[in-house]
Structure formats: structure tokens, C-alpha cells
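Architecture and fold: a report
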Amino acid sequence: MPAHPSVLLHRHRLHDLLDQSVSRLTVISGPSGFGKTSLVRAWAETSTASDLVWVTLESDLDSRAAFWQTVLAGVGRAGLVGRSALALASEIEESDDPAAVLARGFSLCRTPLLVVDAYERLRTTPELVDADLARLAQLVPQLRIVVTTRTSSGLASPARSLRGEVQLLNPRDLAFTLAETADLLGAFAAPMPDAAASRLHRATRGYPLALRAALLSSAPLDGSLPSPPSAELDGWQRLVAEDLRIQLQQRSAYDFVLATSVPPYFDADLAVALAPQAAEPARVKEILDDLEWHGFGRWIPFAPGTQVFQYVESLREVMLVEVRGWSRPDQVRAAESSAIWLASHGGYEAALEMAVGAGLFGVAAWVYAGVVGTNQDAVSSNLVNRHLTSVPSKALINFPALAFGRGLACFRDPSLRGAAAEFFKISAEWERPKLASPTLAHFLLGHLARTVSLRLLGRSEESARAALRALHFNDAVPAAEREVVADLQPMVLRNLAYSLYLEGDLAKAREVASRAIATAAEATARNHSIAHALGMSAFEGWVDQARSVQAQLDPGGWRPGEECTHVNAAGRIGEAILSLDTFDHKAALARFEGCGVVFETTEFWPLHAWVRLHAQLGLGNSGAEARKIAEQLQRRPMPPCMTDNLASAAVGNALAIAWLAAGNGAKAAALLRRPTRFGGQLAPAALLAKLAAGDADAAWKSLAGQESQPGHTARSRAATLTLGAAAAHRLGHQESAIALLERAVAQVGATGARLHLAYLPTDDLVDLRALAARRGSADLQAHLAIGVPAAFETASNAVVTLSEKERAVVAAMVEHPTRSAIAAALHISENTVKTHLQRIYRKLGVNSQAAVLERAVELDLLDAP
């Protein structure tokens with residue numbers, strides 16, 4: 001070090017680990033530059049050992065005997081064997097148990113310490129010497145052995161540490177902590193702010209050689225105390241690179257390592273492609289094995305029967321600094337080869353990062369297509385978004401797949417969802433791939449991106465048309481070529497089905513959803529498609545079909561934790577709806593507990609809101625839930641898929657019914673006045689509003705028109721017919737009532753969708769059950785027999801109405817707390833006020849003025865009549 005070159009830093013954390021070791025054999029393993037030797041030297045200075053034997057392997061050793069002769073020479077230098085050294089040397093040469101021979105040399109020592117430095121130089125029969133060292137520790141109970149090595153195998157194998165055979169300190173242990181970095185700077189540099197020490201530590205990651213280089217790079221030439229290391233780290237990086245250059249050039253490997261540091265890992269084929277001049281193909285394996293032996297990297301499992309090579313991260317980072325000094329064409333060539341290789345071997349995220357970083361946006365689009373095709377969770381993850389954020393606008397326009405990916409990532413993040421539309425607008429304009437050699441997969445994914453983008457922009461009609469166009473393209477693919485896109489088809493088809501579903505093309509949607517299941521050859525993709533079909537079938541009212549689909553789910557087919565992510569959002573919704581149809585409202589809500597899905601960032605928000613409204617209706621909390629949903633609908637951006645479509649209209653119906661159950665007819669009426677192309681979904685609420693107001697005649701007269709409205713599902717039609725039956729029965733039309741009920745059962749089945757029975761006022765449900773018992777079929781009786789919660793207690797009091805004078809009294813109560821004050825404000829007598837209050841209390845079901853105001857706010861009674 002500049003100021004005190006002979007002083008060693010005492011790293012108390014590591015010294016404590018060495019002192020407290022239970023094992024008497026310690027291995028300190030790490031690449032060059034991790035301070036192994038310095039650590040042991042500093043620790044040995046403070047050690048309580050009575051005798052220190054330090055053995056450094058200066059050159060490669062080619063035999064077991066040569067190693068032990070070197071150790072014996074160290075023992076001799078320490079004066080521990082005296083005249084017997086020659087005899088022991090001869091005995092070691094011939095012995096099959098050199099550890100037992102050397103044990104005699106240590107037998108008279110009280111607490112000896114043997115340090116073997118640079119153990120990686122033992123290249124021949126290391127496994128025999130490993131066993132010898134372990135035996136020596138057993139034979140001499142008072143002996144402590146410390147070995148330093150660059151290798152991570154053999155004696156330094158983590159498995160030995162797990163078995164308690166050795167104490168192992170690895171590069172993670174050897175890296176400086178932030179506190180140790182500050183201590184180092186305090187000992188060998190001028191004082192510096194904590195923030196500067198923190199920056200230096202982050203930049204070097206505690207790599208000891210890098211920290212030392214940072215100090216050296218800031219040292220003045222006159223030998224005085226060095227100034228604090230600069231925030232500009234090029235100086236220390238150059239010093240580290242130079243140190244590594246010298247070591248690698250000694251092995252004729254520097255150019256090879258530099259070229260192959262571009263990807264995070266590689267195989268022999270990629271190494272040859274990246275460094276054709278640096279290594280002949282036949283020598284690549286030999287070079288890499290040598291680099292592994294000296295701790296510069298390691299072979300790691302990659303795929304069954306396949307390994308790849310990975311450099312030590314600190315080495316690779318320094319090499320990458322050198323790579324950034326290459327010419328632009330050289331950098332691009334290396335990045336392109338690496339990205340294509342990584343993507344071809346499933347390393348999509350690393351490939352995407354490399355392609356985007358090099359400005360290879362065509363390659364990035366190709367890689368993203370691979371991401372979409374293999375892992376639907378990844379397409380919208382923050383990891384993908386992190387790389388796509390740096391793609392310039394021009395590239396997004398030229399490569400809409402990247403804009404689609406950026407839009408999905410924003411869409412899934414609640415804090416960024418408002419920004420998603422700008423990216424979806426780009427991918428919504430897709431016509432054909434803008435790649436040099438587009439494949440079938442690129443065309444298919446382009447159609448998908450366009451369809452989904454239009455859907456998430458709220459353009460349901462256009463999305464459905466795009467879905468039909470995509471289906472036409474998919475179905476026109478020759479049978480011989482379909483294998484190429486077989487993995488993509490389930491994901492593409494289920495997304496196309498949902499666009500058709502939202503636009504009310506229900507038969508086509510069911511057909512396409514079934515094809516998505518049928519084309520999924522792999523269990524995970526099949527579960528994804530089943531989840532979509534389950535949600536859509538249950539929501540539509542095909543309960544028996546939904547149960548059948550649910551039975552096809554493979555519990556072992558999900559990736560770990562995936563069952564609780566957005567890929568199963570529709571499945572959770574479907575299971576919740578099945579619970580609603582048996583009026584198990586708590587079970588329905590429980591399907592979302594502990595679930596990681598943020599429904600505000602999924603296109604299934606309408607279906608989820610519909611479930612919540614119905615569950616709380618059954619639990620008696622319809623008013624509170626209606627307010628929550630209404631508030632969410634006022635936010636901007638609005639919840640996903642809530643422009644005019646089948647699902648959003650169904651939410652409007654459920655919300656109107658919730659308001660009616662809460663007694664707020666005004667809010668229900670406002671919802672029913674909104675224009676929609678799917679009026680059939682609002683038909684049940686429209687009929688119920690008339691029944692709740694006591695106008696059965698108006699409900700009966702409007703039935704035919706409501707039933708003929710476009711946009712009905714089996715569920716909405718059954719609800720409409722059932723409420724029509726209630727109106728008919730009130731008017732004495734019993735034959736019509738029975739006929740309507742039988743038609744409703746025919747729509748959904750005797751034990752199918754029955755959630756709509758909760759719409760019936762209690763009196764009407766009792767009357768219809770009695771009528772069915774007298775004149776209905778067994779299926780009809782079974783259909784009505786289930787226990788139904790009383791959401792509407794009586795036939796005509798669900799909607800609260802106040803007279804104009806009563807509303808005036810309520811309004812006056814806001815500013816006038818006493819009856820006398822109210823009377824004075826309205827110019828009426830106190831007795832008149834008292835009479836009005838009694839009526840108001842009775843209508844609102846309360847017994848205090850405070851409760852009147854609370855209920856009035858809930859029912860919007862303070863608004864102008």
C-alpha cells in the first residue's frame with residue numbers, strides 16, 4: 001500500500017471465523033486477487049500457534065511425493081525435525097502413508113500451524129493429497145492446517161464443508177463488507193466521506209484486488225498519503241485489468257477470456273465463434289479446464305448432459321470494461337452472436353439485455369417473441385420491462401413487438417398502467433413483421449399483439465375483428481408447418497377467444513377456447529388454457545361445462561407459485577362463480593385470498609368486480625361494495641376492459657342490482673340509462689327496478705323487449721325469464737309464470753347457474769316455489785329448492801323514496817341540528833317537522849338524526865329530487 005506498504009490489514013470478521021473454526025482443516029478458496037494469502041499472513045501474526053510452518057507451492061507439482069517433500073522442507077526450515085529431516089524425506093518418498101510419516105515431525109509441537117499456500121499448483125493426484133491432509137489433521141490432534149487455493153473443487157468442494165470435514169471460506173466470505181471497506185480506506189488513505197466509501201464499495205463489490213487498485217490509482221507520485229479514491233473508477237479498473245492481463249498472458253489466454261466475457265456464460269461452440277483467432281476449436285476445452293483450475297471460472301450444469309462455462313463475476317466485470325473500448329462493429333458482432341446463442345438456449349432475459357444494450361432491436365424483437373412463446377409470466381415482468389425501457393421510440397415503431405412488451409409491462413404495474421396505452425397504440429397498428437426474415441411465429445405473435453393491444457385499449461369491436469383475422473391466418477398454416485408454432489398456439493388461441501367473448505361472439509369464443517386446450521401438448525400450457533375456459537364458461541352460465549373443464553386442471557401442471565398469478569386469474573374467477581351458484585359467498589371471496597393477482601392490472605377486472613358485487617350482495621354488504629366499485633370506475637385510467645363490451649355491461653347490471661338492494665334507486669336508474677350494445681346484460685336489473693318499485697305491470701309489459709335485447713348470455717337470459725315469472729305471478733298469470741320458469745331452467749339446467757335467484761324479492765321467491773311445487777316439473781322444483789339469501793326482504797320496499805317535503809327536511813338537517821331550527825329554516829311548525837321525521841325514520845329504518853344523515857348520504861337523498 002502507498003503509505004504503509006508492509007502493513008497488513010487485520011480483517012477481524014474473518015480472523016474470528018478462523019479462530020472459532022471447529023474443523024482443524026480450513027480451506028480458503030477464491031480466484032486471484034481475493035486476498036487469500038494476505039488474510040492468512042495477517043491472521044498468523046495474531047495466532048496463538050507455537051510453531052508456524054508456511055509452505056508456498058512456487059511451481060506446479062507433478063506427484064504426491066513432490067508435494068510432501070515440499071511440505072517437509074518447510075517443516076525443516078521451521079526447525080521442527082532437526083537431523084531427522086533427511087530420514088523423513090527418504091521415508092516419504094517410499095511410503096504409501098506420507099501423512100503418518102510427517103505426523104512424527106509435528107508430534108513434539110504443542111500447537112503447530114501448517115499453511116499451504118497456492119495449493120492449486122498441485123495438478124497431479126490432488127485427491128490423494130486431499131485425503132492425506134485430512135488424515136494428517138486426524139493423526140496430530142493439536143495441528144491446525146490452513147490451505148489457500150484458486151480452485152473450487154476437491155478439498156475446496158462445498159460438499160466437504162457441508163459434511164463438516166473442512167471449514168471453507170469462499171469468495172463471498174472474502175469480499176470486503178462496507179464496514180471493512182471503510183476500515184481499509186481509513187488505514188491506507190486520507191479520510192473520506194461515508195458516501196464515497198459506499199460508492200467505492202458498490203462499484204468494486206468488495207473485490208479485494210479492485211479495492212487495492214482503487215487506492216493505488218489515487219496515490220500521488222511523491223509518496224505522501226494518497227488522496228481519496230476518485231469517483232471515476234477507470235483508474236482502478238485499468239490496474240485490475242493489467243494485473244489480470246499479466247496472469248492470463250502467462251497462460252496465453254487473455255484474448256480468449258476477453259472475447260468470451262461478453263455473454264454471461266457460453267459453451268465451446270460460442271467460444272469458437274467469439275474468439276476464432278484466440279483459440280483453435282480443439283483447444284477450447286483444454287483452455288477452459290485450465291482457467292477453471294486456476295479459479296477464473298467454472299463449468300456449471302445447464303441442461304441435461306450439458307454444461308456451460310461461467311467466469312468469476314469480478315473477472316468478467318473487469319473484462320467488460322475492456323470490451324467497451326472495442327470498435328462499435330466489434331462490439332455489435334460479439335453482442336449479436338451472444339444474444340442469438342443465449343436465446344437459442346433459453347436465456348431470453350440475458351439475450352434481451354444484450355441485444356437492447358447493443359442497439360440490435362431486430363434481434364431484441366426476435367428474442368422477445370421467444371419470451372412470449374415460452375413463458376407468459378415473463379412477458380410482462382419488471383425484468384423484461386427493465387430492458388425495454390431503454391429502447392428508443394423509433395425502434396418501438398419499427399419493431400411493434402417491443403412496444404407490445406413495453407405496454408404489457410406497464411399494464412401489469414399499477415404505478416405505470418396509465419403509460420401503457422401509448423405503447424399499445426403502436427402495436428395495435430401492426431400489419432406484418434418488420435424483420436429481415438420473419439417466421440410463422442413472428443406473424444402469429446404480431447396478430448396476437450394487435451388483438452390484445454386493441455382489447456386493452458378498450459377497442460373491443462376492432463379487437464374481435466383482429467382476432468378473426470388472426471384465426472384466419474392460423475388456420476391457413478399448412479399442416480406440415482404447424483409444428484413450428486405448436487408451442488405458441490394454445491396461448492394465442494385463448495387470447496383470441498377472450499376478445500371474441502368480450503364482443504359477444506360466444507359460440508366462436510367457446511370453440512376457440514376448446515381448441516386452445518386441445519392444442520396444448522404440455523401440462524402448464526394446458527392449465528393456462530383451461531383456466532381461461534373455466535372463467536368464461538362459468539361467467540356465461542354454463543356451469544356444468546365449467547365444472548367439466550375444471551376437472552381437467554392438473555394440480556402438478558403449474559409452475560411453482562403460478563397458480564396464484566395472473567395466468568390463473570380467469571381460473572380463480574371461474575371457481576369463485578361456481579361457489580356463487582351454490583350461494584357459498586364466503587367461499588367465492590376466499591378464492592382470491594392469498595392470491596398474488598392484482599386484478600386492477602388484468603383484463604379480467606370486469607369478471608372479478610362482478611364476482612365481488614354478487615358475493616357481497618349475498619353477504620348483505622351490497623351498498624358498501626357498490627360504492628367501492630363505483631369509485632374504481634371513476635378513476636383514470638379506468639379499470640381494464642370497461643369500455644362497452646359484454647363483461648362491462650354485466651358489471652353495470654350487477655352494480656345496478658347492488659344499488660337496488662341498498663335502496664338507492666337513483667344510482668341504479670342512472671346505470672340503466674347508459675347506452676350499451678349489450679342491453680341483454682342489463683335486462684335483469686331493468687326488470688328488478690320495476691318490481692322493487694312495486695310496478696309488476698310495467699315489468700311484465702317490458703319483458704318481451706328485454707328478452708330480445710342483444711348481448712344476452714345463458715345466465716342473463718335465465719335471470720330475465722325468472723324475474724319475468726315473478727311479474728307474471730304478481731299479476732295472476734300463473735301459466736305464464738310456470739312457462740317462463742321452465743324456459744329459465746332449460747337455459748342453465750336444474751343444478752346449473754342459480755345465482756340470479758338472489759335477485760328475487762323474498763315474497764316472490766316464496767310464491768314461485770309454491771307455484772312450482774303445485775304445477776312445475778321436478779327439475780324446476782330442484783332448481784328453486786336451494787337456500788337463497790334474502791337480498792330483497794319484501795316485494796316492494798327495497799327502493800327508498802322520500803316525498804319532496806321529507807327531502808327538504810333531510811336537507812335542512814345538514815345545517816340545523818334541532819327541530820326548532822329546522823322549523824324556522826323551512827317556515828313550518830315544530831310539530832310538522834316532528835311528523836316528517838317520524839316518517840323519515842320509518843322509511844330509512846333508523847332512529848336518530850345522525851343515522852338519517854348517514855343513510856341519506858348513502859342513498860343520495862341529499863341530491864336534487
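Refer to the preceding data block for the structure.
Here's a quick rundown of the structure. (Residues numbered from 1 in each chain as written. Predicted model: local features only at pLDDT ≥ 70, side-chain atom pairs only at ≥ 80, totals over all residues. Heavy atoms only, no water.)

In terms of regular secondary structure, the chain is built from 45 helices and seven strands. The C-alpha radius of gyration of the chain comes to 39 Å, more than 25% above the 29 Å expected for a compact globule of 865 residues. On the principal axes, the C-alpha backbone points of the chain span a range of 125 × 75 × 55 Å. A total of 865 residues make up the chain; the buried ones form 53% of that total. (Helix = DSSP H or I, 4+ residues; strand = E, 2+ residues; numbered from the N terminus. Rg over C-alpha atoms; globule rule 2.2 N^0.38 Å. Buried < 20%, exposed > 50% of the residue type's maximum accessible area, 1.4 Å probe, protein only.)

The residue Asp 130 is located in helix H6 (residues 126-139) in this model. Comment: no salt bridge for buried Asp 130; closest opposite-charge side chain is Arg 160, at 4.2 Å. In terms of polar contacts, Asp 130 uses its side chain to reach the side chain of Tyr 119, at 2.6 Å. (Lys, Arg positive; Asp, Glu negative; His and termini not counted. Salt bridge = Lys/Arg side-chain N within 4 Å of Asp/Glu carboxyl O. Polar contact = N/O pair within 3.5 Å; in protein donor to acceptor, adjacent residues only side chain to side chain.)

All right, on to the environment of Leu 39 then. Assignment of secondary structure puts Leu 39 in helix H2 (residues 36-46). Placed 109 residues apart in sequence, Leu 39 and Thr 148 show a C-alpha to C-alpha distance of 9.9 Å. Excluding anything up to four places from it in sequence, Leu 39 contacts Leu 14, His 15, Ile 28, Leu 169 and Leu 174. (Contact = heavy atoms within 4.5 Å.)

Attention now moves to the nonpolar core. Here is a general trend for soluble globular proteins: nonpolar side chains tend to be buried in one another's company. Counting 204 residues, the largest nonpolar core has Phe 256, Val 257, Leu 288, Leu 291, Tyr 311, Leu 402 and Trp 610 as the members making the most contacts within it. Ignoring sequence-local partners within four residues, the contact set of Leu 402 consists of Phe 361, Ala 364, Ala 365, Tyr 368, Leu 388, Val 391 and Leu 396. Leu 25, Val 53, Leu 114 and Ile 145 belong to the second largest nonpolar core, which has 37 residues in total. (Core = buried A, V, L, I, M, F, W, Y, C linked by side-chain atoms within 4.5 Å.)

We now examine the sheet that holds strand S3 (residues 112-117). The strand order across the open sheet built from five strands is S2-S3-S4-S1-S5, with neighbouring strands paired in parallel fashion. Only two strands of the sheet have a single neighbouring strand rather than two, namely strand S2 (51-56) and strand S5 (167-169). Ignoring which end each strand starts from, the neighbouring axes of this sheet average 15° apart. One ladder, built from five bridges, connects strand S1 (residues 25-29) with strand S4 (residues 144-149); its direction is parallel. Bridge pairing links Val 27 to Val 147 in S4. Packing against the sheet, helix H1 (residues 12-19) makes contact with S1, S4 and S5, and its axis sits at approximately 165° to S5. (Pairing = 2+ DSSP bridges. Axes fitted to C-alpha atoms, helices over the stretch in contact; angles between N-to-C directions.)

Let us look at the pairing of S4. Strand residues, when the strand is regular, have side chains that alternate between the two faces of the sheet. The element S4 is largely enclosed, with a buried count of six among its six residues. Alternating positions in S4 separate into two faces, Arg 144, Val 146 and Thr 148 on one and Ile 145, Val 147 and Thr 149 on the other, with burial throughout. The β-α-β motif built from S3, the intervening H6 and the parallel element S4 has right-handed crossover chirality. (Right-handed = clockwise from strand over helix to strand, strands pointing away.)

Relative orientation of the contacting elements helix H27 (residues 506-518) and helix H28 (residues 523-540) amounts to 155°, with a least axis distance of 8 Å. Between H27 and H28, the crossing angle belongs to the class labelled roughly antiparallel. Crossing of H27 against H28: the hand is left-handed. Each of Leu 506, Arg 510, Ala 513, Ala 516 and Ile 517 in H27 lies in contact with H28, whose residues at this interface are Arg 526, Ser 529, Ile 530, Ala 533, Met 536 and Glu 540. Of the residues belonging to the contact of H27 with H28, the class tally is seven nonpolar, one polar and three charged. (Parallel < 35°, antiparallel > 145°, perpendicular 65-115°, else oblique. Left-handed = near helix turned anticlockwise from the far one by under 90°. Nonpolar A, V, L, I, M, F, W, Y, C, P; charged D, E, K, R; others polar.)

If you walk through the whole model with that rule in mind, you get 32 salt bridges. Among the ionic pairs, Lys 508 bridges to Glu 511, the shortest N-O distance being 3.4 Å. Linking Lys 508 with Glu 511, this pair stays in helix H27, spanning three residues, or about one helical turn. Take Glu 511: its relative accessible area is 38%, and that puts it in the partly exposed class. Across the pair Glu 806 and Lys 843 runs a salt bridge, and its minimum N-O distance is 2.9 Å. Here Glu 806 is found in helix H42 (residues 804-813), whereas its partner Lys 843 is found in helix H44 (residues 830-844), with 37 residues between them in sequence. Members of the salt-bridge network, linked through shared partners, are Glu 461, Glu 503, Asp 644 and Arg 677.

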